[in-house]
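# Coordinate inspection notes
Below, each chain spelled out in residue letters.
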Amino acid sequence: MTTVSTPASPLEQRRVLRTTIPGPRSVALGVRRAAAVAAGVSSTLPVYVARASGAVIEDVDGNVLIDLGSGIAVTSVGASAPEVTAAVAAQAADFTHTCFMISPYEEYVAVCEGLARVTPGSHDKRSVLVNSGAEAVENAVKIARRATGRPAVLVLDHAYHGRTNLTMAMTARAMPYKTGFGPFAGEVYRVPASYPLRDPEGMTGEQAALRAIDVAERQVGADQVAALVVEPILGEGGFVVPAPGFLSTLASWAADKGIVLVADEVQTGFARTGAMFAMEHEGVVPDLVALAKGIAGGLPLGAVTGRAELLDAVHAGGLGGTFGGNPLACAAALASLEIYERDDLAGAARAIEAAVLPRLTALQRDVPAIADVRGRGAMLALELVRPGTLEPDKAAAQRVAAACAAQGVLVLTCGTWGNVLRLLPPLVIGHDLLDEALTVLEDALRTV
Ligand SMILES: *Cc1c(COP(=O)(O)O)cnc(C)c1O
């Protein structure tokens with residue numbers, strides 16, 4: 001990197017614009033990148049990072065951006081949280097890898113103990129640690145199939161579960177995630193989700209669940225289904241909060257039919273939605289939870305946590321991986337878990353919702369392109385349409401995100417049609433900084 005990192009002096013939490021965005025050094029790196037990095041890997045904002053701290057990112061040109069994306073809900077405890085970097089440095093000095101499948105270590109065990117404590121339900125739990133969200137989802141499916149002896153997997157419309165072969169099959173959206181990458185894994189069946197903005201007027205969560213169950217029973221047969229995999233709030237699919245009763249109705253059907261309920265809490269987990277896990281908002285206790293993203297303060301780690309009898313149904317050696325539960329990632333997860341609990345980051349997420357939601361709702365009255373304001377905690381979104389219709393307006397979302405970036409505020413988009421602006425600030429973001437970022441976003445929405 002061109003900038004020397006000085007951990008002793010954390011970045012000041014304020015927005016600084018020194019050049020146009022991207023600046024000349026980022027542009028120059030973009031040229032090198034084009035000649036070395038695969039074109040299939042794209043970046044939302046081609047601004048090259050020198051340092052990051054808390055809720056700001058400093059680029060190689062000295063601009064400091066306010067981060068409303070957290071690297072996709074990863075740095076919820078703040079970028080480079082001092083407790084996390086200290087834990088990682090200490091662990092790196094002790095040992096960086098042995099492979100838990102060869103010679104185990106306490107940190108892996110301690111992470112599994114922590115996950116058993118914080119995930120929903122007081123039943124006996126076990127965990128397996130992996131490297132990513134996709135790997136967590138894949139392992140949840142493996143466990144459910146082995147435990148039930150059944151082949152089929154049910155997933156929701158608008159779902160996102162990852163980019164591996166099985167999780168591509170489970171993901172709904174073709175472009176950019178699936179187009180040209182088939183054939184996909186078999187025995188994956190898609191049922192309708194609850195999407196209050198786009199469902200028939202007045203459809204309740206229970207009705208939406210019965211619609212999904214009807215498709216599953218007619219087209220698959222409940223006795224063939226190993227797992228029903230749900231995101232409690234659709235993530236890449238557009239931050240869609242299902243109508244109340246949707247998840248609980250699906251959960252009781254699954255329990256009744258011996259189907260393993262898997263909550264993909266990869267994006268919603270770890271305090272993001274104002275509860276430690278988003279399933280808690282509906283009082284639903286899943287059988288298995290897939291975890292990653294916010295689990296380890298920015299280090300790569302994933303996990304499946306759930307009922308002991310399900311995880312322990314798998315034969316010895318059936319789960320694992322060379323890097324799964326890497327010691328550095330485990331040290332970071334232990335430090336992060338402590339921050340989530342000690343600093344009540346779920347409460348911080350609720351405070352972010354309380355500060356942001358009224359402003360977005362007020363904005364909706366002035367900007368007819370905003371069809372919907374939704375989300376929970378610090379997982380909030382605006383869905384943009386052509387005014388007076390429900391026709392998705394992806395170009396508008398992109399223009400708003402670009403206008404924010406030009407002003408030094410990093411905002412991500414999502415949604416099946418790419419027309420949703422999503423806000424995922426680090427949960428430690430200061431009130432003034434959040435306020436400033438929102439003002440930039442409001443201006444962009446009013447003018448674009
Ligand atoms: C990001 C995400 C995944 C995939 O996680 P990776 O770590 O990118 O493999 C799976 N499920 C959900 C809900 C996600 O948001």
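Because the structure is predicted, anything quoted here is derived from the model rather than measured.

### Looking at the confidence of the model for the chain
With 98% of its residues at a pLDDT of at least 70, the chain reaches an overall mean of 97. Within the model, pLDDT remains below 50 along residues 1–7, and this stretch shows eight contacts once partners closer than five positions in the same chain are excluded.

### Observations concerning the packing of aromatic side chains
Pairs of aromatic rings are described using the distance from one ring centre to the other and the angle between the two planes. Within this structure, the stated rule accounts for eight aromatic pairs. Their ring planes at 65 degrees and their centres at 5.5 Å tell us that Phe95 and Tyr105 sit as a pair that is edge-to-face. With a gap of ten residues between them, Phe95 in the loop between helix H3 (82–94) and helix H4 (106–118) and Tyr105 in the loop between H3 and H4 connect regions that are remote in the sequence. Given a relative accessible area of 26%, Phe95 falls into the partly exposed group. Accessibility expressed as a relative area gives 7% for Tyr105, which makes it buried. Put simply, the rings of Phe95, Phe100, Tyr105 and Tyr108 touch in pairs and so form one group of aromatic residues. Over the ring of Phe184 we find Lys178, and its NZ or CZ is 5.3 Å from the ring centre. When the ring centre of Trp417 is taken as origin, the NZ or CZ atom of Arg198, which lies over that ring, is 4.6 Å away.

### Examining the site of the ligand
Taken together, the residues surrounding the ligand are Ser132, Gly133, Ala134, Tyr160, His161, Glu231, Asp264, Val266, Gln267 and Lys293. A distance of 2.8 Å separates an oxygen atom of the ligand from a polar atom in the backbone of Ala134. Class assignment for the residues of the shell around the ligand results in three nonpolar, four polar and three charged.

### Quick notes on the pattern of salt bridges
By the definition in use, this model includes 20 salt bridges. Residues Arg218 and Asp214 are paired through a salt bridge, measuring 3.0 Å at the closest nitrogen-oxygen approach. A residue pair is termed a helical-turn pair when its members lie 3 or 4 positions apart in one helix, as Arg218 and Asp214 do in helix H7 (residues 205–219) at four residues. Its relative accessible area of 56% is what places Arg218 among the exposed residues. For Asp214, a relative accessible area of 38% gives the class partly exposed. Here the salt bridges share partners, and the residues they tie into one network are Arg198, Asp372, Arg374 and Glu383.

### Structural notes on the sheet that holds strand S14 (residues 412–414)
Read from one edge of the open sheet, four strands run S11-S12-S15-S14, paired in antiparallel fashion. Pairing within the sheet leaves two strands with one partner each, and these edge strands are strand S11 (370–376) and S14. Each strand axis lies, on average, 25 degrees off the axis of its neighbour in the sheet, ignoring direction. As defined by bridge partners, S14 adjoins strand S15 (residues 420–423) across three bridges and the pair is classed as antiparallel. Residue Leu412 lies in a different strand from S15, and its bridge partner there is Arg422. Here helix H11 (residues 345–366) sits on the sheet and contacts S11, strand S12 (379–384) and S15; the angle it forms with S11, its principal contact strand, is near 170 degrees. Against the sheet, helix H12 (residues 394–406) contacts S12, S14 and S15, and its axis sits at roughly 40 degrees relative to S15.

### Focus: the packing of H3 against helix H10 (residues 327–342)
Taken N-terminus to C-terminus, the directions of H3 and H10 make an angle of 150 degrees; their axes are 8 Å apart at the nearest point. On the basis of their axis angle, the class for H3 and H10 is roughly antiparallel. The element H3 and its partner H10 pack so that their crossing is right-handed. Contact residues: Glu83, Val84, Ala87, Val88, Gln91 and Ala92 in H3; Pro327, Leu328, Ala331, Ala332, Ala335, Ser336, Ile339 and Arg342 in H10. Classifying every residue of the contact of H3 with H10 gives ten nonpolar, two polar and two charged.

### Considering the sheet that holds strand S6 (residues 188–191)
With mixed pairing, the seven strands of this open sheet are ordered in space as S4-S10-S9-S8-S7-S5-S6. The open sheet terminates on both sides in strands that have one partner only, identified here as strand S4 (125–130) and S6. Going across the sheet, the axis of each strand differs from the next one's by a mean of 20 degrees, ignoring polarity. Pairing of strand S9 (residues 288–291) with strand S10 (residues 302–307), which is carried by four bridges, proceeds in the antiparallel orientation. Within S10, the position partnered with Leu291 by the bridge is Ala303.

### Looking at the side chain of Thr249
Within the secondary structure, Thr249 is located in helix H8 (residues 246–257). Among the residues examined, Thr249 registers a relative accessible area of 16% and is labelled buried. Ignoring any residue separated from it by four or fewer positions in sequence, one finds Thr249 in contact with Glu206, Ala209, Leu210 and Ile213.

### Points about the nonpolar core
Looking at soluble globular proteins, one finds that nonpolar side chains tend to be buried together. Counting residues in each nonpolar core, the largest one holds 129 residues, and the members touching the most others are Leu421 and Leu441. Of the residues forming this core, the biggest block, nine residues, is contributed by H10. Lining this core are residues from two domains, each supplying at least three of them: domain 1 (24–67 + 345–447) and domain 2 (84–342). Apart from residues lying up to four places away in sequence, Leu421 is in contact with Leu380, Ala381, Leu382, Leu384, Ala397, Val400, Ala401, Val411, Leu412, Thr413, Leu441 and Leu445. Counting residues in hydrophobic clusters, the runner-up holds nine residues, among them Ile233, Val241, Ala381 and Cys414.

### Observations regarding the state of the cysteines
Scanning the model with the defined rule gives zero disulfides in all. No disulfide involves Cys99; its nearest neighbouring cysteine sulfur is the one of Cys330, lying 12 Å away. Free of any disulfide, Cys404 has its nearest cysteine sulfur in Cys414, 14 Å distant. Residue classification places Cys404 among the buried positions, given a relative accessible area of 0%.

The rules behind the values
- Residues numbered from 1 in each chain as written.
- Predicted model: local features only at pLDDT ≥ 70, side-chain atom pairs only at ≥ 80, totals over all residues.
- Heavy atoms only, no water.
- pLDDT = per-residue confidence, 0-100.
- Contact = heavy atoms within 4.5 Å.
- Phe/Tyr/Trp six-rings, centres within 6.5 Å; stacked < 30°, edge-to-face > 60°.
- Helix = DSSP H or I, 4+ residues; strand = E, 2+ residues; numbered from the N terminus.
- Buried < 20%, exposed > 50% of the residue type's maximum accessible area, 1.4 Å probe, protein only.
- Lys NZ or Arg CZ within 6 Å of the ring centre and 35° of its normal.
- Near = heavy atom within 4 Å.
- Polar contact = N/O pair within 3.5 Å; in protein donor to acceptor, adjacent residues only side chain to side chain.
- Nonpolar A, V, L, I, M, F, W, Y, C, P; charged D, E, K, R; others polar.
- Salt bridge = Lys/Arg side-chain N within 4 Å of Asp/Glu carboxyl O.
- Pairing = 2+ DSSP bridges.
- Axes fitted to C-alpha atoms, helices over the stretch in contact; angles between N-to-C directions.
- Parallel < 35°, antiparallel > 145°, perpendicular 65-115°, else oblique.
- Left-handed = near helix turned anticlockwise from the far one by under 90°.
- Core = buried A, V, L, I, M, F, W, Y, C linked by side-chain atoms within 4.5 Å.
- Domains from an automatic or database assignment.
- Disulfide = S-S within 2.5 Å.

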